[in-house]
Amino acid sequence: MIDKLKLFVKSTRFKTALWYSLIFLILEIVIGSLIYFYLHSSLYKQLDLSLTKQCELIYHFVSEKNVDLYNFKPDSIYASPDELIYDLAFEAVALNPNNTFIEVRYKDKIIFQTENLRSYQVSLSDSSTERNVIKTFWDKKLSQHEIRASVLNENGYQIIAAFPVVLIKEALNSLTDLYVVILPLFLLISIAGGTFIAIKSLSRIDSIIEETKYITARNLEEKIKGDESDDEYGRLTRTMNEMISRIKKSMDYMNQFSISAAHELKTPLTILRGEIELALRSNINNSEYREVLQSNLDETIRLINIVDKLFLVSKTDHSLLRINKEKIELNSFISTTIDSMSKIALDKGVKLIFNYDEKLYIEIDKSLMNQVLYNLLDNAVKFSDKGEAITIQSGKRNSDKIFISITNKGEYIPPELQKKIFERFYRIESSRNRKTGGAGLGLAVVKSIVEMHGGQIEINSKQEGLTAFTIIL
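Every chain is numbered independently, its residues counted from 1 as its sequence is written. Two thresholds apply to this predicted model, a pLDDT of at least 70 for residue-level local features and 80 or more for giving and counting side-chain atom pairs, whereas whole-chain, interface and lining totals are computed over all residues. Each side-chain value is derived from all of the structure's non-hydrogen atoms; neither hydrogens nor water enter the calculation.

### A few points about unusual backbone geometry
Moving on, step 1. A positive phi angle, close to 50°, is found at Asn155, a residue other than glycine.
Moving on, step 2. Turning to its location among the elements, Asn155 is positioned in the loop between strand S4 (147-154) and strand S5 (157-164). Counting from the N terminus, the helices are the DSSP runs of H or I reaching at least four residues and the strands are the DSSP runs of E reaching at least two.

Take a look at the structure:
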């Protein structure tokens, strides 16, 4: 149970649901805070506007009468200025809901107060002379809550309209209480929603995983379903199917490589075994022993060549082969390789001709490139018609390319086979191939070395039998 819980906590589903819930919770807090501060600002602005308008109305009603309120004398109608102002400003005083405390002063003399201010004076800490001022103050004798006041100073009048902010506080507190109750509910909804979204969105991953489990080395031709869609899962499925195809191709190549290598090694080993067993069972003289040993040596050399080429191919596949470039004069280098092949060519009745126009300097690995030229010349000698010439040519192609071309006349190589000729162990089936032998690794080695030098090799075979291999560096 604990292991399953740990596995779930580490799963993408849990992390997705957690992130969704956290983002949802942060969003709730941000929106709730914005609503709270907006209402706080809006309610206070509305209260301030109401108090300010009340002061303006009282001043408007009182100032229009031009009555000397400072030296007021009672009459049959009004016994005090308090009654007169109440009568004049009745609409502003009695009909405004925010009229808890109202006080009117004229030249430092209180001429009107609401009933709840009788025998008490509103005390403001700052005696500002600005026309309209909004103040907030505490006065325990008037209210247990904070009081918001609007003060109007105009033509000797100071009109104060004040109101306790208890209703605003209660509204904001009610909103906070409601939010505290709703927040856990929203959190639970976000967790449930996040879990549902995580399960639904990752369910296709489960199906991909399940299908992948059943793909082994024996059924790599099977494909994972769902690669037809254009969403992330479709791209993932296509990528995995492409990877499976590459793995299948690599395994097919490895199997073919192993079969071909075993076949190529088996022939000389079988010959060696047969000759040794025959020599051991027979009574032969020294000259016959010498012939057997010479044949064994030839087969051993053939085995060594095959193993060396396999080793070279393996090193190039795994980027283990390092090239040591040095600047050389190319035509002199080619001439040296041609000289080493001249005797073999003469024995086959083939002539080597080297054509070049100018000295060419290039940076190459002499040992590896010598092997390239030797393999190409050896193939040209083996597959040339007797009495024909092999032409070797070097020169410049464009301004930054150097080419080496080896052309011989022999059997025509069709285009469909030209694409396969550089594959390992591939040999064109012909009577001449069966006679010349070979493991089918020479051109694969040539291609690998040329590409390591940053170059490429091309083949061009014509119907009349002229075949040219061109190295471009």
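### Let's talk about the packing of helix H2 (residues 12-64) against helix H5 (residues 166-213)
Moving on, step 1. Here an angle of 0 to 180 degrees is reported between the N-to-C directions of two axes, which are lines fitted to C-alpha atoms, with helices fitted over the stretch in contact. Contact pair H2 / H5: the axes reach a minimum separation of 7 Å and the direction vectors enclose 155°. The angle between H2 and H5 places the two elements in the roughly antiparallel class. The hand of the H2/H5 crossing is right-handed.
Moving on, step 2. Grouping the amino acids of the contact of H2 with H5 by side-chain chemistry returns 24 nonpolar, eleven polar and four charged. Any angle from 65 to 115 degrees is called roughly perpendicular, while one under 35 is roughly parallel, one over 145 is roughly antiparallel, and all others are oblique. The handedness criterion is simple: a crossing whose near helix is rotated anticlockwise from the far helix by less than a right angle is left-handed, and one whose near helix is rotated clockwise is right-handed. In this classification, Asp, Glu, Lys and Arg are treated as charged, Ala, Val, Leu, Ile, Met, Phe, Trp, Tyr, Cys and Pro as nonpolar, and every other residue, Gly included, as polar.

### Focus on the nonpolar core
Moving on, step 1. Throughout, nonpolar core names a set of buried Ala, Val, Leu, Ile, Met, Phe, Trp, Tyr and Cys residues whose side chains join them through atoms within 4.5 Å. Relative accessibility thresholds used throughout: buried, under 20% of the residue-type maximum; exposed, over 50%; partly exposed, between the two (1.4 Å probe, protein chains only). Counting residues in hydrophobic clusters, the biggest one holds 42 residues, and the most contacted among them are Leu376, Ile392 and Ile471.
Moving on, step 2. When residues of this core are assigned to their parent elements, the largest contribution, eight residues, is made by helix H9 (residues 366-383).
Moving on, step 3. Contacts were defined at the residue level, with two residues in contact if any of their heavy atoms lie within 4.5 Å. Contacts of Ile471, omitting those with residues within four sequence positions, involve Val372, Leu373, Leu376, Ile402, Phe403, Ile404, Val450, Gln456 and Ile457.
Moving on, step 4. Cys55, Tyr59, Ile102 and Tyr157 belong to the second-largest nonpolar core, a separate cluster that totals 21 residues.

### A word on the sheet that holds strand S11 (residues 456-461)
Moving on, step 1. For two strands to be treated as a pair, DSSP must find no fewer than two bridges joining them. Here five strands make up an open sheet; going across it, the order is S7-S9-S10-S12-S11 and the pairing mixed. Only two strands of the sheet have a single neighbouring strand rather than two, namely strand S7 (351-355) and S11. Each strand of the sheet is rotated relative to its neighbour by a mean of 15°, with strand direction disregarded.
Moving on, step 2. Judged from the seven bridges that link them, strand S9 (residues 389-397) and strand S10 (residues 401-409) form a sheet pairing that is antiparallel. From the neighbouring strand, Gly395 faces S10, where its bridge partner is Phe403.
Moving on, step 3. Across the sheet, helix H8 (residues 330-347) touches S7, S9 and S10, and the angle it forms with S7 is around 170°.

### Regarding the side chain of Thr237
Moving on, step 1. Looking at the element boundaries, Thr237 is found in helix H6 (residues 232-281).
Moving on, step 2. Residue classification places Thr237 among the buried positions, given a relative accessible area of 1%.

### Points about H5
Moving on, step 1. To estimate the expected span of a helix, count its residues, drop one, and scale the result by 1.5 Å. With 48 residues, H5 should cover 70 Å at 1.5 Å per step; its first-to-last C-alpha distance of 68 Å lies within 8% of that length.
Moving on, step 2. When the local axis directions of H5 are compared, the greatest deviation, roughly 40°, occurs at Leu202.
Moving on, step 3. Buried residues of H5: Val166, Ile168, Leu172, Ser190, Gly194, Ala198, Leu202 and Ile208, and no others. Two axes are fitted around each residue, one to the seven residues ending there and one to the seven starting there, and the angle between them is reported as the bend at that residue.

### Some remarks on the packing of aromatic side chains
Moving on, step 1. Note on ring pairs: Phe, Tyr and Trp rings are taken, using the six-membered ring of Trp, and paired if centres are within 6.5 Å. Classes follow the plane angle, with under 30 degrees stacked, over 60 edge-to-face and the rest tilted. The tally for this structure, following the rule as stated, stands at five aromatic pairs.
Moving on, step 2. A centroid spacing of 5.6 Å and a plane angle of 85° characterise the contact between Tyr36 and Phe37, whose relative ring orientation is edge-to-face.
Moving on, step 3. Counting every residue linked through ring pairs, the aromatic cluster contains Tyr59, Tyr106 and Tyr157.
Moving on, step 4. Geometry around Phe403 places Arg397 over its ring, the cationic atom sitting 5.9 Å from the centre. Geometrically, a lysine NZ or arginine CZ counts as sitting over a ring once it is within 6 Å of the ring centre and also within 35 degrees of the ring normal.

Everything listed here is a matter of coordinates, which is why it stays silent on function.
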